[in-house]
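Each chain, letter by letter, is given below.
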Amino acid sequence: MKLRTMGDRTLTMPAGTSVAASAHAVAGTDPWPAHAREAEEEGRRCNVCHFPQPFAIPERSSAEIVKPQPRPEAQAEGITCASCHLTPEGKIRGPHQVSAPHETVADPRMSSSEMCAFCHAKGKRVPGEQTQTYYEWRDDFAGPGLGRQQCQDCHMPRTQRKTVEDADSPVRAVARHLWTGGHSGQRLGSALSLVLLQPQPKRANVELHLINVGAGHSVPTGSNRRAIHLQTRVVDRAGKVVTTREWMFAPWYGARPDDRAFVKADAQLPDRIAATQADEQGPHEAPIRAGEERVLTWQPRLRDGSYTVEASLVYDLNRYNDRSFKGDQREISRFTLPLTVQASR
């Protein structure tokens, strides 16, 4: 990905870093947050979620969850085991009671979504804004009763093993520390479903029903750089593309939809680069909330005949890159609809 004002060079992971590592594992070496700190506010601003101090697990009823405090040292180590398992009192916590050489505490909330809230919620709930994933789970998914899954149930699939190697501890179901998400084809492919309809026979009208069927939060979620592109085209019987249309779904950078009208005002903000990137791209669709069915309509200009509507969903890790750069895009599903048009009808 490219970073503005830093020479527009392409950022790459440091040599020796596993390309298969989780985002947690590379939180201190990922070049994006490191260079973002340099670009914004002359390095005075820190993305503390990448190197938090030990924190207390918040209550589910919390109306506003503040960001964790940053570690003053060892920031390059990023998110380590201690980031989640070390309490502010200096004890090691886990979901099970264990015997260890150090002081431990069993906390069942380690298996709850509240464990993720500090770094995956920001301020108060603003639907559609970035970094609202925990609120989206709590308010849109768990609260209305759409499911009982916690964040860990999907992002930390279980396995059977001992919690401590070379110790007298039982084999039990424990979570894999994979945190599969936006880089996982399985997670992405199971999140959204798309239904294409021709509501009026032989009319050139198309309805696209985009449904969040598999995620316990909005899609896309997290950073405002994430996006889902719904790409559609109409193909005639000869295979020629007659017309196209595209929609983009993405979190807002701030508490309002991104809009080109605000580009000049963004230059006065402390985080001017990130805000400008968002607003320069212009308005877009808000993310699809948990359980939501978003209905889009399209009336392509077509002559009488037989056509095929082709639609694909593409997940984009960084929508601010040039669209011709495909290195951070993944097609997650494809759909078709036969379309017969007869103007006299």
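Residues numbered from 1 in each chain as written. Predicted model: local features only at pLDDT ≥ 70, side-chain atom pairs only at ≥ 80, totals over all residues. Heavy atoms only, no water.

Asks: Summarise the layout of surface pockets; cite the residues concerned and give the values.
Replies: If a probe the size of a water molecule is rolled over the atoms, the empty space left behind becomes visible. Of the volumes computed, that of the second largest pocket is approximately 150 Å³. Forming the walls of the second largest pocket are 12 residues, and the residues nearest its centre are Y253, G254, L269, D271 and A275. In terms of residue count, helix α7 (residues 272-281) provides more of the lining of the second largest pocket than any other element does, 3 residues in total. (1 Å grid on protein atoms, 1.4 Å probe; cavity = no way out; pocket = protein on both sides within 12 Å on 5 of 7 lines; lining within 4 Å. Points joined across faces, edges and corners; volume = space filled by probe spheres on them. Helix = DSSP H or I, 4+ residues; strand = E, 2+ residues; numbered from the N terminus.)

Asks: Lay out the sheet that holds strand β10 (residues 241-249) with the relevant residues and their values.
Replies: In spatial order, the strands read β10-β9-β12-β13; together these 4 strands make up an open sheet with antiparallel pairing. Only two strands of the sheet have a single partner each, and these edge strands are β10 and β13 (329-341). Across the sheet, the axes of successive neighbouring strands diverge by a mean angle of 15 degrees, strand direction being ignored. Examined bridge by bridge, strand β9 (residues 227-236) and strand β12 (residues 305-316) share 10 bridges and lie antiparallel to one another. Paired with R233 across the two strands is E310, which belongs to β12. (Pairing = 2+ DSSP bridges. Axes fitted to C-alpha atoms, helices over the stretch in contact; angles between N-to-C directions.)

Asks: How would you summarise α7 if you had to cite specific residues and measurements?
Replies: Of the positions making up α7, those classed as buried are I273, A275, T276, Q277, A278 and D279. G282, located one to two residues past α7, shows a positive phi value of around 90 degrees. (Buried < 20%, exposed > 50% of the residue type's maximum accessible area, 1.4 Å probe, protein only.)

Asks: Would you mind going over the state of the cysteines in detail, with residue names and values included?
Replies: Within the structure shown, the criterion is met by 0 disulfides. Take C119: it sits in no disulfide, and the sulfur closest to it among the cysteines is that of C49, at 3.8 Å. (Disulfide = S-S within 2.5 Å.)

Asks: Let's hear about the environment of V235: which residues, and what values?
Replies: Residue position: V235 is located in strand β9. Judged by its relative accessible area of 8%, V235 falls in the buried class. Spatially, the C-alpha atoms of V235 and Q342 are 16 Å apart, while their sequence positions differ by 107 residues. Excluding residues that lie within four positions of it along the chain, V235 makes contacts with K240, V241, Y307, T308 and E310. (Contact = heavy atoms within 4.5 Å.)

Asks: I'd love a proper account of the packing of aromatic side chains, names of residues and values included.
Replies: For the coordinates displayed, the defined rule picks out 3 aromatic pairs. Plain terms: the ring middles of F55 and F118 are 5.1 Å apart, the flat faces sit at 75 degrees to each other, and that makes the pair edge-to-face. Of this pair, F55 sits in the loop between α1 (31-39) and β1 (64-65) while F118 sits in the loop between β3 (104-106) and β4 (123-124), placing them 63 residues apart in sequence. Pair check on accessibility: F55 and F118 agree, each one buried. Between Y134 and Y135, the aromatic rings sit 6.1 Å apart at their centres with planes inclined by 55 degrees, giving tilted as the arrangement. Look at Y134 and you get buried, because its relative accessible area is 1%. A cation over an aromatic ring shows up here: R93 above the ring of F55, its NZ or CZ 5.3 Å from the ring centre. Directly above the ring of F262 sits R256, whose terminal nitrogen or CZ lies 3.7 Å from the centroid. (Phe/Tyr/Trp six-rings, centres within 6.5 Å; stacked < 30°, edge-to-face > 60°. Lys NZ or Arg CZ within 6 Å of the ring centre and 35° of its normal.)

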